[in-house]
Amino acid sequence: MEIQIHNPLDMHVHLRDADMMSVVAPLTSKYFSWALVMPNLVPPVMNTADAIWYRQRIESLTGNDNFTPFMTLFFHEWLTREILEKAKDHIMWIKLYPAWITTNSEGWVKSVLSEKAKEIFGIMEELGIVLHIHGETGDFVMDREANFMPNYLEIAKAFPNLTIIMEHITTKAAADTLDMFPNLYATITLQHLEITLDDVAGWALKPHLFCKPIAKRYEDRDALLELALSAHPKVSFGSDSAPHPQHTKECPGCAAGVFSAPISLQVLAQIFDRAGKLDNLQKFVSDNAVNIYKITPNTKTVILEKKDFVIPEKYWDVVPYRAGETIDWSIKEVK
Ligand code: DOR
Ligand code: ZN
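Predicted model, so just to flag it, every value in this text is computed and none were measured.

What to know about the nonpolar core
Okay, step 1: Core analysis: the biggest nonpolar cluster contains 97 residues, and Phe 75, Phe 121, Met 124 and Phe 284 have the highest contact counts within it.
Okay, step 2: The residues contacting Phe 75, other than those within four sequence positions of it, are Ile 94, Lys 95, Leu 96, Val 109, Ala 117, Ile 120, Phe 121, Met 124 and Leu 131.
Okay, step 3: Core analysis: the next-biggest nonpolar cluster, separate from the first, contains 15 residues, Leu 36, Phe 74, Tyr 97 and Tyr 185 among them.

Written out as structure tokens, the structure is:
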């Protein structure tokens, strides 16, 4: 059995920089026609010049793959109308990380509802720039996302023409919030469709499944599966593929992030196939995002076949999601 996916899009990926970028960027550009690249470098992608320079570095590695990297700016309270007006022609997306909440978010946005933040949201709304939020508070780790939901509601209500993306949602609370305002949308990762906290820490600790937001309960995972498998039109795929060198995962103080870029389409095919929902995969990995963002992706077709595939133990110095496991689907051709 074979399926074709046209123009797969990854609406949330970390391509990093330097040596790591030269390994991981081609693993996204090979299989996806388009990806939204996160700005949490050190230092972050703060303005248009940073974003253009970063895009050029990515393009120098992916130029032959018929792939477009779309850049995001890192939300900070010194964003002005002038910076945003300049950015608008190059960047349609801004990513907001609450301070300290994840990799390289240290010290930046202390309050997502500060007067300054609201002023910036107003300008973004006027200019048609999309706001992506890593929606977690600093509370008890299992409650962080659910406790963030009132912030989404307040922003969505105050800025009805601002498109707000609830990034990598992990809870039923977020799934239930999605339809409360027409301007709220969400991305879902691969791992959050499969794992719960039991997989991460229920038995032997699995550092390669540790990410932020952390995987939650069975009912949360099932709520996300329901959204993805039904290809809910406000939800799109964002892998949050977040590579870290092996020694920074397998150590005390394990870095947060799951690397899934080169195997996401194959594992998604398995999930949708086993649920009898293969027909909805195209919408989840491409069409929904095309509609939400009103974009025209590069033309690329990935042909997947139902044939065993053993996930490599490593890509360079990075251990991927489900390393060494055999899955039902493999990539036959990309054209
Ligand atoms: O697990 C994560 N890793 N979550 C994020 O939000 C950031 C990412 C990273 O950059 O490593
Ligand atoms: Zn991320």
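Having seen it, we continue.
What about the packing of aromatic side chains?
Okay, step 1: Within the structure shown, the criterion is met by 12 aromatic pairs.
Okay, step 2: Between Phe 74 and Tyr 97, the aromatic rings sit 5.6 Å apart at their centres with planes inclined by 25 degrees, giving stacked as the arrangement. Of this pair, Phe 74 sits in strand β4 (residues 68-74) while Tyr 97 sits in the loop between β5 (93-96) and α4 (115-127); the two residues are 23 residues apart in sequence, bridging distant segments of the chain.
Okay, step 3: Residue class for Phe 74 comes out buried when judged on its relative accessible area of 0%.
Okay, step 4: Given a relative accessible area of 2%, Tyr 97 falls into the buried group.

Quick word on the site of ligand 1
Okay, step 1: In the neighbourhood of ligand 1, 14 residues make up the surrounding shell, with Arg 16, Asn 40, Lys 212, His 244 and Ala 256 lying closest.
Okay, step 2: With respect to ligand 1, the side chain of His 14 contributes an N or O atom lying 3.3 Å from an oxygen atom.
Okay, step 3: Gly 257 places a polar main-chain atom, nitrogen or oxygen, 3.3 Å from an oxygen atom of ligand 1.
Okay, step 4: In the complex, the protein chains occlude 100% of the 290 Å² of accessible area that ligand 1 would expose alone.
Okay, step 5: Considering only residue class, the shell around ligand 1 consists of 3 nonpolar, 8 polar and 3 charged.

Some points on the side chain of His 134
Okay, step 1: Relative to the assigned elements, His 134 resides in the loop between β6 (130-133) and α5 (144-158).
Okay, step 2: Polar contacts involving the side chain of His 134 include one to the side chain of His 168, which spans 3.2 Å.
Okay, step 3: With sequence-adjacent residues up to four places away left out, His 134 is seen in contact with Lys 95, Leu 96, Tyr 97, Pro 98, Ile 101, Thr 102, Tyr 152, His 168, Lys 212 and Pro 213.

Remarks on the pattern of salt bridges
Okay, step 1: In total, this model carries 16 salt bridges according to the counting rule given.
Okay, step 2: We note a salt bridge from Arg 57 to Asp 17, for which the minimum N-O separation is 2.7 Å. One end of the pair, Arg 57, is in helix α2 (residues 48-62); the other, Asp 17, is in the loop between β2 (9-13) and α1 (18-29), and 40 residues separate them in sequence.
Okay, step 3: Residues Lys 172 and Asp 176 are paired through a salt bridge, measuring 3.0 Å at the closest nitrogen-oxygen approach. You can see Lys 172 and its partner Asp 176 sitting in helix α6 (residues 172-177), 4 residues apart, about one turn around the helix.
Okay, step 4: Judged by its relative accessible area of 38%, Lys 172 is partly exposed.

What to know about the pairing of strand β1 (residues 2-6)
Okay, step 1: Because side chains alternate across β1, one face comprises the buried residues Ile 3 and Ile 5, and the other comprises Glu 2, Gln 4 and His 6, none of which is buried.
Okay, step 2: Relative to strand β10 (residues 301-305), β1 runs antiparallel, the two sharing 5 bridges. Bridge assignment links Glu 2 to a residue of β10, and that residue is Glu 305.

Structural notes on the packing of helix α10 (residues 264-274) against helix α11 (residues 281-293)
Okay, step 1: Where α10 contacts α11, the axes come no closer than 9 Å and their chain directions differ by 135 degrees. The orientation of α10 with respect to α11, classified from their angle, is oblique. Packed against α10, whose contacting residues are Leu 265, Leu 268, Ala 269 and Phe 272, the element α11 presents Leu 281, Phe 284 and Val 285 at the interface.
Okay, step 2: Its residues assigned to classes, the contact of α10 with α11 comprises 7 nonpolar, no polar and no charged.

With respect to α10
Okay, step 1: Burial runs high along α10: 10 of the 11 residues are buried.
Okay, step 2: After α10 finishes, the residue Gly 276 shows a positive phi value of roughly 70 degrees.

Here we look at the sheet that holds β1
Okay, step 1: Pairing in this open sheet of 3 strands is antiparallel, and the strands run β1-β10-β13 from one edge to the other. For this open sheet the edge positions go to β1 and β13 (330-334), each flanked by a neighbour on one side alone. Pairwise comparison of adjacent strand axes, ignoring direction, gives a mean angle of 30 degrees for this sheet.
Okay, step 2: Of the strands in this sheet, β1, β10 and β13 touch α10, which is tilted by about 55 degrees from β10.

Criteria and cut-off values
- Residues numbered from 1 in each chain as written.
- Chains lettered and ligands numbered in written order.
- Predicted model: local features only at pLDDT ≥ 70, side-chain atom pairs only at ≥ 80, totals over all residues.
- Heavy atoms only, no water.
- Core = buried A, V, L, I, M, F, W, Y, C linked by side-chain atoms within 4.5 Å.
- Buried < 20%, exposed > 50% of the residue type's maximum accessible area, 1.4 Å probe, protein only.
- Contact = heavy atoms within 4.5 Å.
- Phe/Tyr/Trp six-rings, centres within 6.5 Å; stacked < 30°, edge-to-face > 60°.
- Helix = DSSP H or I, 4+ residues; strand = E, 2+ residues; numbered from the N terminus.
- Near = heavy atom within 4 Å.
- Polar contact = N/O pair within 3.5 Å; in protein donor to acceptor, adjacent residues only side chain to side chain.
- Areas by Shrake-Rupley, 256 points an atom, 1.4 Å probe, with all protein chains shown as cover.
- Nonpolar A, V, L, I, M, F, W, Y, C, P; charged D, E, K, R; others polar.
- Salt bridge = Lys/Arg side-chain N within 4 Å of Asp/Glu carboxyl O.
- Pairing = 2+ DSSP bridges.
- Axes fitted to C-alpha atoms, helices over the stretch in contact; angles between N-to-C directions.
- Parallel < 35°, antiparallel > 145°, perpendicular 65-115°, else oblique.

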